[in-house]
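Given next are the chains, with one letter for each unit.
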Amino acid sequence: MVLLMATLPIHAQITDDLLQAVDSIVELLVNDTIAEQPTVQEGLYQDTDTARQRILLFGDSMLDGVGRRFYEYAQENGHYLFTSIWYGSTTHSWARTTELDRLMEKVKPTFVIICLGTNDLGYHDLQARSESVREILRVVGNIPYVWIGPAKLPKLNKDFGVVGMLRETIGDSLYYDSYHERLARFPDNVHPTFAASAVWVDKVVAWMSRPEAPWHIRLDRPTQKYTFKEYETHSPRYKGKRK
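How each quantity is defined
- Residues numbered from 1 in each chain as written.
- Predicted model: local features only at pLDDT ≥ 70, side-chain atom pairs only at ≥ 80, totals over all residues.
- Heavy atoms only, no water.
- Salt bridge = Lys/Arg side-chain N within 4 Å of Asp/Glu carboxyl O.
- Helix = DSSP H or I, 4+ residues; strand = E, 2+ residues; numbered from the N terminus.
- Buried < 20%, exposed > 50% of the residue type's maximum accessible area, 1.4 Å probe, protein only.
- Contact = heavy atoms within 4.5 Å.
- Axes fitted to C-alpha atoms, helices over the stretch in contact; angles between N-to-C directions.
- Parallel < 35°, antiparallel > 145°, perpendicular 65-115°, else oblique.
- Left-handed = near helix turned anticlockwise from the far one by under 90°.
- Nonpolar A, V, L, I, M, F, W, Y, C, P; charged D, E, K, R; others polar.
- Expected span 1.5 Å × (residues − 1).
- Core = buried A, V, L, I, M, F, W, Y, C linked by side-chain atoms within 4.5 Å.

J.: Can you break down the pattern of salt bridges residue by residue, with the values?
T.: Applying the stated rule across the entire model yields 15 salt bridges. Residues Lys-243 and Asp-101 are paired through a salt bridge, measuring 3.8 Å at the closest nitrogen-oxygen approach. A residue pair is termed long-range when its members are at least 10 positions apart, and Lys-243 in the segment after β10 (231-234) and Asp-101 in helix α5 (residues 99-107) qualify at 142 residues. Under the relative-accessibility criterion, Lys-243 is labelled partly exposed at 48%. The salt bridge involving Arg-167 is made with Asp-177; its shortest N-O contact spans 2.4 Å. Taken as a pair, Arg-167 in helix α7 (residues 162-170) and Asp-177 in the loop between β8 (175-176) and α8 (194-208) lie far apart in primary sequence, 10 residues in all. Looking at Asp-177, the relative accessible area reads 30%, which means it is partly exposed. Three or more residues joined by partner-sharing salt bridges are found here, namely Arg-69, Glu-72, Asp-202 and Arg-221.

Structure follows, in structure tokens:
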């Protein structure tokens with residue numbers, strides 16, 4: 001209203017009718033702006049952000065391929081991505097050590113991508129693993145995040161409830177269910193090939209970019225290859241520092 005009134009000549013007489021007209025215009029503009037605001041889903045603010053992000057990607061050995069493709073997306077779109085691959089890690093590994101706390105302090109991410117759950121498949125202690133998931137999310141805090149769930153393992157024909165536990169604990173809007181993805185594997189029949197991982201990540205990115213997603217970051221598809229950098233690895237023997 002101040003800006004609109006400032007455009008009037010100084011000598012103009014501001015009548016009650018004029019003030020009412022200005023107020024009406026301002027009300028219309030405000031209402032239009034409110035109408036254009038994104039909706040709130042599950043307590044999260046939906047926003048489209050084209051700014052450069054500091055992304056932390058962490059999880060298990062699936063990141064050998066997944067991390068490579070996400071690094072290409074990050075480079076293409078001007079984001080910084082740091083990947084931490086803990087081979088053989090489970091939700092307990094990350095929840096019961098200070099590894100994630102260390103990474104949050106090191107990277108200071110504005111967005112977090114979690115790819116974890118493959119090594120939890122086959123276990124029955126669902127309540128304990130749900131608590132570990134909640135502890136991981138507690139450490140992530142109010143930083144926007146998504147969780148990429150495990151794909152079905154050819155060597156393990158049955159899920160004993162871990163996938164459902166992950167989906168229920170995390171919520172559908174932030175959990176990408178990979179369980180029925182058909183992925184070509186390396187000869188170990190466990191890890192997806194790099195080409196299959198790239199296709200997998202492309203599907204995840206499409207899901208992250210859907211209009212109703214709680215969080216949006218710029219993720220245009222890479223137009224060239226990039227050498228995978230900015231990552232760390234830990235062997236299955238690594239135990240981390242216990243909390």
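J.: Explain the environment of Leu-183 residue by residue, including any values.
T.: Within the element layout of this structure, Leu-183 appears in the loop between β8 and α8. Sequence-distant contacts of Leu-183, defined by excluding residues within four places in its chain, comprise Ala-151, Pro-192, Ala-196 and Trp-200.

J.: So what's going on with the packing of helix α3 (residues 63-77) against α8? Residues and values would help.
T.: As a packed pair, α3 and α8 sit with axes 8 Å apart at the nearest point and diverge in direction by 55 degrees. Considered as vectors, α3 and α8 are oriented oblique to each other. Classified by chirality, the crossing of α8 by α3 is right-handed. Along the contact surface, α3 presents Asp-64, Gly-65, Val-66, Arg-68, Arg-69, Phe-70 and Tyr-73, while α8 presents Phe-194, Ser-197, Ala-198, Trp-200, Val-201, Asp-202, Val-204, Val-205 and Met-208. The residue inventory of the contact of α3 with α8, partitioned by class, reads 10 nonpolar, 2 polar and 4 charged.

J.: Lay out α8 in plain terms, naming residues and giving numbers.
T.: With 15 residues, α8 ought to run about 21 Å at 1.5 Å a step, and its terminal C-alpha atoms sit 21 Å apart, in line with that. Among the residues making up α8, those that are buried are Ala-196, Ser-197, Ala-198, Trp-200, Val-201, Asp-202, Val-204, Val-205, Trp-207 and Met-208. Where α8 is buried, its residues touch α3, β6 (111-115), β7 (145-148), β8 and β9 (215-217).

J.: A description of the side chain of Glu-72 should follow, citing residues and the corresponding values.
T.: Here Glu-72 is to be found in helix α3. Not counting residues within four places of it along the chain, the set of residues in contact with Glu-72 comprises Pro-222, Gln-224, Lys-225 and Tyr-226.

J.: Any chance you could break down the packing of helix α6 (residues 126-140) against α7 for me, citing the residues and the numbers?
T.: Where α6 meets α7, the axes come as close as 10 Å, and the angle between the chain directions of the two elements is 40 degrees. The pairing of α6 with α7 is recorded here as oblique in orientation. Considering the relative orientation of α6 and α7, their crossing is right-handed. Residue-level inspection shows Leu-126, Arg-129, Ser-130, Val-133, Arg-134 and Leu-137 of α6 in contact with α7, the latter providing Val-162, Met-165, Leu-166, Thr-169 and Ile-170. Of the residues that constitute the contact of α6 with α7, the class distribution is 7 nonpolar, 2 polar and 2 charged.

J.: Would you mind going over α3 in detail, with residue names and values included?
T.: Given 3.6 residues per turn, any residue in an α-helix points the same way as the ones three and four places further on. Its 15 residues place the ends of α3 20 Å apart at the C-alpha level, agreeing with the 21 Å of an ideal helix rising 1.5 Å per residue. Residues of α3 that are buried in the fold lie against β4 (54-59), β5 (80-86), β6, β7 and α8. Following α3 by one or two positions, Gly-78 adopts a phi angle in the positive range, close to 80 degrees.

J.: I'd like to hear about the nonpolar core, residue by residue, with values.
T.: Core analysis: the biggest nonpolar cluster contains 61 residues, and Phe-70, Ile-114 and Trp-147 have the highest contact counts within it. Top element by residues in this core is α8. It accounts for 7 residues. The contact partners of Ile-114, leaving out residues within four places of it in the chain, are Phe-58, Ile-136, Leu-137, Val-140, Tyr-145, Val-146, Trp-147 and Ile-148.

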